[in-house]
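The lines below spell out each chain.
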Amino acid sequence: MAGKLNNSTLTQLPAAVKVPAYQRQERSRGIVHIGPGAFHRAHQAVYTDMAMAFGGNWRITGVSMRSATLKHKMAEQDNLYSLVVLDNEPYVQVIGAFDSVLVLSEDREAIMAALTDTDTHIISLTITEKGYCLNSNGELDTSHPDIMHDLANPDEPVSAIGLIVSALKHRFEQQLSDITVISCDNLADNGKKLGKAVTQFAQKLQPGLAEWVTENICFPCTMVDSITPATDEALIALAADKLGVEDAWPIQREGFTQWVVEDSFSGPRPAWDKVGVTFTDDVAAFENAKLRILNGTHSTLAYTGILLGKETVFEAISDSALASFIRRLLSEEIIPSINAEGVMDLPAYAEDILNRYKNRHIRHLLAQIAWDGSQKLPFRVLNTVRDNLKSGHQAKLLCVPIAAWILFIAKRARDEEQLVDPLADTLSGLAQQHQQDIQALASAVLNLPQVFAELSANKWFKDTVLSYVEVLSGLTQDNAGTVLGE
Ligand code: CS2
């Protein structure tokens with residue numbers, strides 16, 4: 001193997017490998033991205049890298065809130081990494097958009113300098129649902145330990161919200177308002193929720209700042225989509241084989257990618273429209289469709305698939321009982337809940353998503369999708385339940401993923417396997433407490449207001465989930481068709 005991926009080997013890669021279509025050293029930073037995880041590097045950073053072919057200084061400074069690993073691995077390869085697209089027409093693309101990755105624990109000053117730089121016009125985020133520190137009403141949870149810390153120590157924030165407010169406070173003092181703050185996470189109304197959390201935090205700190213933010217700073221809503229499994233050893237080996245040099249942290253993704261952005265900016269932006277990004281005045285239909293049709297069925301397949309011993313999305317969607325249940329769930333309860341009149345053909349959109357699940361080149365682990373259920377299910381399933389109950393549509397099939405999630409929690413405790421969830425201590429504690437009584441566990445989980453809010457008091461919802469918990473407790477490969485077909 002001829003060394004590492006870096007600025008000098010970048011010019012010696014195989015001709016088939018796509019490389020940045022601009023001179024990196026001639027471009028400066030314009031974006032600070034908080035949470036430069038795999039999804040950001042497979043999605044927004046790729047759009048930005050390609051948009052720079054149309055000009056502009058849009059290099060990205062990544063800000064890791066916790067781990068320094070990415071910072072050090074990227075620094076060793078001049079902040080280059082490769083995207084391996086695994087589909088019927090696979091390809092490898094080296095992404096040069098990053099100029100550096102910083103980490104809060106080591107680079108506080110440099111991070112604030114980047115956020116307040118006059119040339120920084122975009123702050124974007126992929127911090128996952130839990131990173132916003134919201135309560136079940138979608139508002140800032142001021143009892144969250146990180147928020148409490150940041151309100152008491154506003155110059156040393158540990159939360160993304162606190163960091164953004166600290167940066168905007170400096171920009172307020174310098175009257176630097178030409179910056180847009182963009183959430184790229186799977187939350188309904190992500191930009192609205194981010195903007196509200198930021199102004200709620202600012203209001204507690206400095207009322208004049210909150211008013212300035214409200215009047216000057218845009219928080220556009222977005223819908224983001226591309227299936228991006230976590231990097232594994234197989235990918236690292238595949239990337240090295242395709243590149244001829246070693247990439248310490250390549251990223252893998254399906255061929256499909258979509259980014260829909262509300263056209264609401266308080267400063268300049270990259271030429272994203274020239275590389276396939278959709279700008280619109282109303283993201284809601286795209287967002288609801290994606291969150292409910294893709295993410296809702298993803299979570300359903302994750303929890304029911306794991307109960308049936310499946311490992312990947314491909315295995316789960318290849319199971320006829322699961323596939324037919326997913327189709328029923330979509331046609332009878334999810335699609336009817338979405339108003340996309342004149343925006344998109346929902347049945348066709350859903351069919352495309354099921355076909356994407358059948359991508360045999362992608363090994364997307366159900367266990368990865370199963371993370372953070374307490375944060376994901378409210379946006380992916382519970383809001384659909386609410387809308388269906390409000391409109392008189394049925395919602396019983398939507399209770400299956402909730403019941404399967406509860407059984408998944410019990411299974412994780414029984415198997416003494418880690419439950420990855422911000423509420424892991426609470427959920428695992430309940431599972432231990434009720435390890436002999438699944439109905440008692442289910443009732444206790446359903447009574448968690450931070451997950452279910454007013455649905456905790458909905459007798460029909462709770463009874464329906466409890467009945468599915470009973471039925472799914474006996475789910476096996478042999479009876480899945482019958483159990484899920486009812
Ligand atoms: C997945 C998402 O891990 C998960 O929860 O449902 O990451 C999903 O792959 C993306 O939203 C697809 O765009």
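Located above this text is the structure these notes cover.
Keep in mind that what you see is a predicted model, and the values were worked out from it rather than measured.

(A) Molecular detail of the overall build of the protein. Scanning the protein from terminus to terminus reveals 21 helices and eleven strands. Relative to a compact globule of 486 residues, whose C-alpha radius of gyration would be 23 Å, the protein shows 23 Å and is just as compact. With respect to the principal axes defined by its C-alpha atoms, the protein has extents near 60 × 55 × 45 Å. For the protein, long-range pairs separated by at least 24 residues make up 78% of all intrachain contacts whose partners lie at least 6 apart in sequence. Here the protein displays about 19,100 Å² of accessible surface, and carbon together with sulfur accounts for 50% of that area. Put simply, the protein has 41 plus and 60 minus side-chain charges, and the middle of one group is 2 Å from the middle of the other.

(B) Broad picture of the nonpolar core. In terms of nonpolar packing, the biggest core is built from 97 residues, with I293, I402, W405, I406, F452, F461 and L472 touching the most fellow members. By residue number, the principal contributor to this core is helix 16 (residues 399–414), which donates twelve residues. Those residues in contact with W405 that sit more than four places away from it in its chain are Y303, G373, S374, L377, D421, L427, V445, V451 and F452. Grouped together as the second largest cluster of nonpolar side chains are 42 residues, V63, V181, A197 and L209 included.

(C) Seen up close, unusual backbone geometry. Although it is not a glycine, Q175 adopts a positive phi angle of roughly 50°. Tracing the chain through its elements places Q175 in the loop between helix 6 (160–173) and strand 7 (180–183). Unusually for a residue other than glycine, E416 sits at a positive phi of about 50°. Tracing the sequence through the fold places E416 in the loop between helix 16 and helix 17 (424–433). The exposed category is assigned to E416, whose relative accessible area is 75%.

Rules used throughout
- Residues numbered from 1 in each chain as written.
- Predicted model: local features only at pLDDT ≥ 70, side-chain atom pairs only at ≥ 80, totals over all residues.
- Heavy atoms only, no water.
- Helix = DSSP H or I, 4+ residues; strand = E, 2+ residues; numbered from the N terminus.
- Rg over C-alpha atoms; globule rule 2.2 N^0.38 Å.
- Contact = heavy atoms within 4.5 Å.
- Areas by Shrake-Rupley, 256 points an atom, 1.4 Å probe, with all protein chains shown as cover.
- Lys, Arg positive; Asp, Glu negative; His and termini not counted.
- Charge placed at Lys NZ, Arg CZ, Asp CG, Glu CD.
- Core = buried A, V, L, I, M, F, W, Y, C linked by side-chain atoms within 4.5 Å.
- Buried < 20%, exposed > 50% of the residue type's maximum accessible area, 1.4 Å probe, protein only.

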